[in-house]
Amino acid sequence: MASHGARGRSGGRPTLEEVAARAGVGRGTVSRVINGSPRVSDATRAAVEAAVAELGYVPNTAARALAANRTDAIALVVPEPETRFFAEPYFSDMLRGVGSELSDTEMQLLLIFAGSDRERRRLAQYLAAHRVDGVLLVSVHADDPLPDLLAQLEIPAVISGPRSAGETLTSVDSDNYGGARSAVEHLLSRGRTRIAHITGRLDVYGAQRRVDGYRDALRDAGREADELLVERGDFTEEGGRLAMSVLLDRRPDLDAVFAGSDVMAAGARQVLREAGRRIPDDVALVGYDDSAIARHMDPPLTSVRQPIEEMGRAMIDLLLTEIADRRPPASRGLERQHAVLPTELVARASS
């Protein structure tokens, strides 16, 4: 009886169509369940899995990939130097979220750095050969040609943080505007009146939105933003140090600093201490990301938590859905999704 249960109607190995008939669903639904697509209800998934078990269906991964022109591989592309990837908690948290969401699928994850011109040329050749089924793009700047290359090659892609308000790729982001507002409102509630802002790279849309949130929070409190209190950073610790030095020279009377990342806040703290400024007595300090850096800083850093791991998981969910939908990207351009996850201010001793 056991061997009979593992054979299809033709007497051979059970087919995808037979699994679909047993589960009472379409062939495409069975394919989505097998490929790990999130766009299947729990009840449907259970029915398909039961049919797979009853029939003894075993997917032929190699044959399926070949027939569907699939590689069963996803690339996580980071257009930044490797040194920045390993120095900033943002990237490790993102990778953790992506990896955890992929763990229950048959997809392999490739980590590709494209921080130099040579790496970008090599990546373009690799993508043109269609060696991956989809791409996750992390830390993309406004002038980066990679998203346009992916669209030209019709490779499914999801971007972490849109390049602009008119982003054409599916994107996942956190509420940068709301997060910045909450940071400034918190400082205002603590009686701070001369609040400086160290921005991230302003060719990153998320950094622009944090500046907008900073300015609007001040304006809504009846305080126009003083441009002498705004200094550009680059999301690095050294950038935070340089920006803090400039701000102290320009406005030595500042009494609070909102840094666009925890890493920059760490650099700012060093300069403040060297200048004899006590945190938070003389200058309150708030960061962004709520990374391990914030929790281990002395004093512990108030920071805006953005759900980076959750963003990574959401990126995979959306990418697997695009991969399962075999229509050319151009034909579903109006269906692009732009997910924005909420942020949360985590108050600690630095403010």
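Computed from a prediction, not measured in an experiment: that's the story for all the values here. (Residues numbered from 1 in each chain as written. Predicted model: local features only at pLDDT ≥ 70, side-chain atom pairs only at ≥ 80, totals over all residues. Heavy atoms only, no water.)

Caption draft 1: Representation of the environment of arginine 121 in the model. Examined against the element boundaries, arginine 121 turns out to sit in helix α8 (residues 117-128). For arginine 121, a relative accessible area of 53% corresponds to the exposed category. Sequence spacing of arginine 121 and histidine 141 is 20 residues, and the spatial spacing of their C-alpha atoms is 17 Å. (Helix = DSSP H or I, 4+ residues; strand = E, 2+ residues; numbered from the N terminus. Buried < 20%, exposed > 50% of the residue type's maximum accessible area, 1.4 Å probe, protein only.)

Caption draft 2: Local environment of the environment of alanine 183. Relative to the helices and strands, alanine 183 resides in helix α10 (residues 176-189). Residues alanine 183 and alanine 51, spaced 132 residues apart in sequence, show a C-alpha to C-alpha distance of 52 Å. Other than its neighbours up to four places away in sequence, alanine 183 contacts Phe258, Val286, Val304 and Leu345. (Contact = heavy atoms within 4.5 Å.)

Caption draft 3: Seen up close, the packing of aromatic side chains. Evaluated as defined, the whole model comprises six aromatic pairs. Measuring from centroid to centroid gives 5.5 Å for tyrosine 90 and phenylalanine 91, while their planes differ by 90°, and the two rings are edge-to-face. Lying across the ring of tyrosine 288, arginine 210 places its NZ or CZ 3.7 Å from the centre. (Phe/Tyr/Trp six-rings, centres within 6.5 Å; stacked < 30°, edge-to-face > 60°. Lys NZ or Arg CZ within 6 Å of the ring centre and 35° of its normal.)

Caption draft 4: View of the pattern of salt bridges. Here the structure, examined in full by the defined rule, presents 27 salt bridges. The partner of arginine 209 in a salt bridge is aspartate 212, with the nearest N and O atoms 3.1 Å apart. Of this pair, arginine 209 and aspartate 212 both sit in helix α11 (residues 205-220), separated by three residues, roughly a single helical turn. Judged by relative accessible area, aspartate 212 falls into the partly exposed class, the value being 29%. Connected through salt bridges with shared partners, the residues Arg194, Asp226, Arg251, Asp253 and Asp255 form a single ionic network. (Salt bridge = Lys/Arg side-chain N within 4 Å of Asp/Glu carboxyl O.)

Caption draft 5: Representation of the pairing of strand β4 (residues 157-160) in the model. Burial along β4 is two-sided: Ala157 and Ile159 facing one way and Val158 and Ser160 facing the other are all buried. Across four bridges, strand β3 (residues 134-138) lies against β4 in parallel orientation. Across the sheet, the residue bridging to valine 138 is serine 160, located in β4. You can see the chain leave β3, run along helix α9 (residues 146-153) and come back into β4, and the turn it takes is right-handed. Two elements, β4 and strand β5 (residues 170-174), share three bridges in a ladder whose sense is parallel. Note on β5: the bridge partner recorded for isoleucine 159 is serine 171. (Pairing = 2+ DSSP bridges. Right-handed = clockwise from strand over helix to strand, strands pointing away.)

Caption draft 6: Representation of helix α13 (residues 262-274). Taking 1.5 Å of rise per residue, the 13 residues of α13 would be expected to cover 18 Å, and the 19 Å separating its terminal C-alpha atoms lies within 8% of that figure. Of the residues flanking the end of α13, it is glycine 276, one or two places downstream, whose phi is positive at about 80°. (Expected span 1.5 Å × (residues − 1).)

Caption draft 7: A look at the environment of glycine 178. Structurally, the position occupied by glycine 178 is in helix α10. Separated by 76 residues in the primary sequence, glycine 178 and leucine 102 place their C-alpha atoms 30 Å from one another.

Caption draft 8: Summary view of the packing of helix α2 (residues 16-23) against helix α4 (residues 42-55). Between α2 and α4, whose axes approach to 8 Å, the crossing angle comes to 120°. Accordingly, the angle class assigned to the pair α2 and α4 is oblique. Note on packing geometry: the crossing formed by α2 with α4 is right-handed. Of α4, the residues touching α2 (which contributes Glu18, Val19, Arg22 and Ala23) are Ala47, Val48, Ala51, Val52, Glu54 and Leu55. (Axes fitted to C-alpha atoms, helices over the stretch in contact; angles between N-to-C directions. Parallel < 35°, antiparallel > 145°, perpendicular 65-115°, else oblique. Left-handed = near helix turned anticlockwise from the far one by under 90°.)

Caption draft 9: Region of the structure containing the nonpolar core. Core analysis: the largest hydrophobic core is formed by 42 residues, its most contacted members being Ile198, Tyr214, Met244, Leu254 and Phe258. The set of elements that each furnish at least two residues to this core consists of α10, β6 (195-199), α11, α12 (237-250), β8 (256-259), α13 and β9 (284-289). Among the elements that line this core, the one with the most residues is α13, at six residues. Excluding residues that lie within four positions of it along the chain, methionine 244 makes contacts with Ile198, Leu254, Val257, Ala268, Val271 and Leu272. (Core = buried A, V, L, I, M, F, W, Y, C linked by side-chain atoms within 4.5 Å.)

Caption draft 10: Inspection of unusual backbone geometry at higher detail. For the bond running from isoleucine 279 to proline 280, omega is 5°, close enough to zero to count as cis. Looking at the secondary structure, you find proline 280 in the loop between α13 and β9. Backbone torsion omega between aspartate 298 and proline 299 reads -5°, so that peptide bond is classified as cis. In this structure, proline 299 sits in the loop between α14 (292-296) and β10 (302-305). In this structure, phenylalanine 235 takes a positive phi of about 75° despite not being glycine.

Caption draft 11: How the structure looks around the packing of α2 against helix α3 (residues 27-34). For the pair α2 and α3, interaxial distance at closest approach is 8 Å and the crossing angle is 100°. In terms of axis orientation, α2 runs roughly perpendicular to α3. The residues of α3 that touch α2, namely those facing Leu16, Glu17, Val19 and Ala20, are Arg27, Val30 and Ile34. In the contact of α2 with α3, the residues fall into five nonpolar, no polar and two charged. (Nonpolar A, V, L, I, M, F, W, Y, C, P; charged D, E, K, R; others polar.)

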